[in-house]
Each structure stands twice: as C-alpha cells, then as structure tokens.
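Spelled out from the first residue to the last, the chains are:
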Amino acid sequence: MSRMEQLAAATDKMGVFDGGLDDLSAMLFADARPLTFDVTGRIVIPEDLLRHAGIQNAAVFVGRGNSFQIWNPVEFEKVQAKALENLRKARPNLIIGQ
C-alpha cells in the first residue's frame, strides 16, 4: 500500500462529522500530485513547488523515516536548529525494540 493510500485509510477511520476531517483531508490531499521523472529516472520537481520551498541552485534531502523532504539548505539549517533546541528542552525518551 502506498503512503498516500495509508493516509487515505487513516482518514477513513475518522468520523464523517469529525470537525478536523475536512481540514486534515485538505492538507493531505488537496495539493497532492504525482511527480514526473526525466529520462534518467530523476524526479522532476514542479516549478511552483521549487518556488514555494525557496529552492534555486541547491537542495538538501532530509530523511523522515519512511519518507523524505526536500529543503532549501539555508532554511533547513534554521528549522533543524529549532528542532534541536526543542528536543533539548523536551528530552523525549525513544524506546526501541519493544
């Protein structure tokens, strides 16, 4: 099952009259689109998404478990620094292997 199919199945479990369903569905699916590939198999990122992300000459691929994100390197450094600051405050306990 694809990631989008998993997300759709998860939202299907929400109540039809759940107040957050419309917003969540719009966020997850309204702007979703299939990506195209060039002749060598590389992803072609649509121009509007590049503009939205502020990506011009360089990009950084950031692993997110089963997926990844593509960021403007300078913007990602800022977000990563803030995430590290938040983690140092929260000190979450990640349990592996249970």
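Okay, so let's go over this structure.

Definitions and cut-offs
Residues numbered from 1 in each chain as written. Predicted model: local features only at pLDDT ≥ 70, side-chain atom pairs only at ≥ 80, totals over all residues. Heavy atoms only, no water. Phe/Tyr/Trp six-rings, centres within 6.5 Å; stacked < 30°, edge-to-face > 60°. Buried < 20%, exposed > 50% of the residue type's maximum accessible area, 1.4 Å probe, protein only. Pairing = 2+ DSSP bridges. Helix = DSSP H or I, 4+ residues; strand = E, 2+ residues; numbered from the N terminus.

Here we look at the packing of aromatic side chains
Step number 1: A complete count under the given rule lists 2 aromatic pairs for this structure.
Step number 2: When the ring of Phe61 is compared with that of Phe68, the centres are 5.5 Å apart and the planes differ by 35 degrees; the resulting orientation is tilted.
Step number 3: Given the relative accessible area of 44%, Phe68 is considered partly exposed.

Focus: the pairing of strand S3 (residues 60-64)
Step number 1: Judged from the 5 bridges that link them, S3 and strand S4 (residues 67-71) form a sheet pairing that is antiparallel. The residue bridging Arg64 from the neighbouring strand is Ser67, located in S4.
Step number 2: Counting the residues that bridge the hairpin from S3 to S4 gives 2 residues, and of these Gly65 lies at a positive phi of roughly 70 degrees.

Read these as geometric descriptors, not functional statements.
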